[in-house]
Amino acid sequence: MTVKARRVAVIGAGPAGAIATDALVKEQAFDTIRVFDRRAGIGGTWIYTPHLPTAIPSLSDLVSGKADVAVAAPPQLPAVTPLSEEINGHQRRFSDTALHENLHSNITPALMSYTQEPFPDKLSARTLADYGPGAPFRHHSTIREWVEAIFSRGGHEKLVELSTTVEKAEKVGGEWVLTLRKEALGRNYWWRETFDALVVATGHYNVPWFPSVPGLLGYDRKFPGKISHSKHFRNATSFKGKRVVVVGASISAHEVVHEILDAAQTPVYASIRGEPIPAFGWEPFLHPDIVVKKEISHLDSETGRVIFADGSFLDDVDHIIFGTGYTFSVPYIEHVQARIRNAYRRLPGVYQHTWDIEDPTLTFVGMLGGGFTFRVYEWQAVAVARHLAGRAKSLPPIPEQLEWERKRVAERGGGKDYYSIAPDYGSFFEFLRDIAGEPAPGTTGRVLPVFDEKWLELWTGMVVHKIEGFQRKRKRAEEARGSVKAKL
């Protein structure tokens, strides 16, 4: 099916939405490009929201996959309605972001930035202290400024409608009808707009994911506030002197453990199922004030005891922080949300993480992981823009797309393994570049360079930076312990 859209809506004004918008504008093929973001500013998940109280509205709904539901629009539009917790509550709508005050990027700028939009050479005091002047990591405020600059440099901010939630997107008579709600002046303003195509660029760091742990829900009811998710971690202050268990072995778990080490009661316990992620191995957990435990096998809601898979246990635990990632959610696209709820932590029915198999006017940018983010978003964005302009190479037949998904599920299951592009970075980049092709003559379309194998060396070097940082921190702690023993 050849697509030739004239009106395109981009949902999300974060890093993925920024590059999608730029790629669409530079194709010079569209009459209307509109960008909608429910937050009050540009930046997406890189907007820091410490002013919003952190809480999980219903752990039961999260565990059962019933959280983040669509809301009903007024029967007649346009309309104006009062604010309400159901419609506007940030906890119920999962609109707060997953940033803590010291969060930094964890990918080197040469791989994280876009080819025409380098990161500013701006290091925080924390980065300088931990890694020195050559560090590749940037504070979250710098990343947000970079995203804002992509919109402002191209004059794209005029395309953006902020504080505007897409409450429903449905195909009616060959057009996408968007039900929109803008929060302004203490009211909700509702209306509809129509488009030929959608680019969903809302990311997958909104709705926390919790593993199935026997006793979890009863424990949460008996000890409200003890169980939390790394999404809601803001700083170490509230953990001062507390006994803490952090669940998980990926990036967010690393960060939370090390952020609270100097404040929490030591040791801090890291509960890990199986092996940690290969890139960092066990190094993040070798600090002398960290004790590694097996996965939690049961939570006892009567005594508060935390029992681990090897039979060991902890009593008097103050906090259990789950650094266990997120699940996908697009409640405004009913049929896609239904697919998500029938799958395990992935975006089903989507070819190469980018094109809806049933309807190629529905596209996705940024719904993947495994490294080379944000850089890979650029390749997706250009391929999508050319595809929607009718200038890209044709997608394979639907049976071939379905077979791609079937094989991937068979080989990788769901979760991160499914939506990670590792270790096949080069082939994925080159696939997208092949679909996109070159810009049309006489246009300003973005040019995608050939995947550079040197990027893989940069990726390895970035991991080394992090590992060396963990090693220095561990060495300082060991030397401090040795000094104390010597004095005794």
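As shown above, the structure is provided for reference.
Residues numbered from 1 in each chain as written. Predicted model: local features only at pLDDT ≥ 70, side-chain atom pairs only at ≥ 80, totals over all residues. Heavy atoms only, no water.

> So, helix α9 (residues 251-260): which residues are in play, and what are the values?
The element α9 is extensively covered by neighbouring structure, given that eight of its ten residues are classed as buried. Among the residues making up α9, those that are buried are Ala-253, His-254, Glu-255, Val-256, Val-257, His-258, Glu-259 and Ile-260. (Buried < 20%, exposed > 50% of the residue type's maximum accessible area, 1.4 Å probe, protein only. Helix = DSSP H or I, 4+ residues; strand = E, 2+ residues; numbered from the N terminus.)

> Requested: an account of unusual backbone geometry, with residues and values cited.
For the bond from Leu-77 to Pro-78, the omega torsion is 5°, close enough to zero to count as cis. Mapped onto the secondary structure, Pro-78 falls in the loop between α2 (59-64) and β3 (79-82). Cis geometry marks the peptide bond from Thr-373 to Phe-374; its omega dihedral reads 15°. A positive phi angle is found at Leu-185, which is not glycine, with a value near 55°. One can find Leu-185 in the loop between β6 (175-184) and β7 (187-195). Phi at Gln-352 takes a positive value of approximately 55°, unusual for a residue other than glycine. Here Gln-352 lies in the loop between β19 (350-351) and β20 (355-356). A residue is classified by how much of its surface remains accessible, and Gln-352, at 10% relative accessible area, is buried.

> A description of the packing of aromatic side chains should follow, citing residues and the corresponding values.
Counted under the stated rule, the structure contains 28 aromatic pairs. Residues Trp-146 and Phe-374 carry aromatic rings whose centres are separated by 5.6 Å and whose planes lie at 10° to one another, so their mutual orientation is stacked. Separated by 228 residues along the polypeptide, Trp-146 in helix α7 (residues 140-153) and Phe-374 in the loop between β21 (362-364) and α11 (375-388) bring together distant segments of the chain. Centre to centre, the rings of Trp-355 and Phe-431 are 6.4 Å apart; their planes meet at 80°, and the pair counts as edge-to-face. One end of the pair, Trp-355, is in strand β20; the other, Phe-431, is in helix α14 (residues 425-436), and 76 residues separate them in sequence. Aromatic ring contacts, followed pair by pair, group Phe-372, Trp-379, Tyr-425, Phe-429, Phe-451, Trp-455 and Trp-459 into a single cluster. Over the ring of Phe-313 we find Arg-305, and its NZ or CZ is 3.7 Å from the ring centre. The ring centre of Trp-209 lies 4.1 Å from the NZ or CZ of Arg-345, which sits over that ring. (Phe/Tyr/Trp six-rings, centres within 6.5 Å; stacked < 30°, edge-to-face > 60°. Lys NZ or Arg CZ within 6 Å of the ring centre and 35° of its normal.)

> So what about α14? Which residues, and what values?
In this model α14 runs 17 Å from its N-terminal to its C-terminal C-alpha over twelve residues, within 8% of the 16 Å that 1.5 Å per residue would give. Those residues of α14 that sit buried are Tyr-425, Gly-426, Phe-428, Phe-429, Phe-431, Leu-432, Ile-435 and Ala-436. Positive backbone phi, at 70°, marks Gly-437, one or two positions downstream of α14. (Expected span 1.5 Å × (residues − 1).)

> Any chance you could break down the pattern of salt bridges for me, citing the residues and the numbers?
Proximity of charged atoms lets side chains of opposite charge pair with each other. This model, assessed by the stated rule, comprises 33 salt bridges. Between Glu-27 and Arg-386 there is a salt bridge; the shortest N-O distance is 2.6 Å. Residue Glu-27 is located in helix α1 (residues 15-27), and its partner Arg-386 is located in helix α11; the two are separated by 359 residues in the primary sequence. For the pair formed by Glu-27 and Arg-386, the shared burial category is buried. Note that Arg-433 is salt-bridged to Glu-430, the shortest N-O span being 2.8 Å. Taken together, the residues span about one helical turn, with Arg-433 and Glu-430 both in helix α14 at a distance of three residues. It is possible to trace a salt-bridge network through shared partners that takes in Asp-22, Lys-26, Glu-117, Glu-378 and Arg-446. (Salt bridge = Lys/Arg side-chain N within 4 Å of Asp/Glu carboxyl O.)

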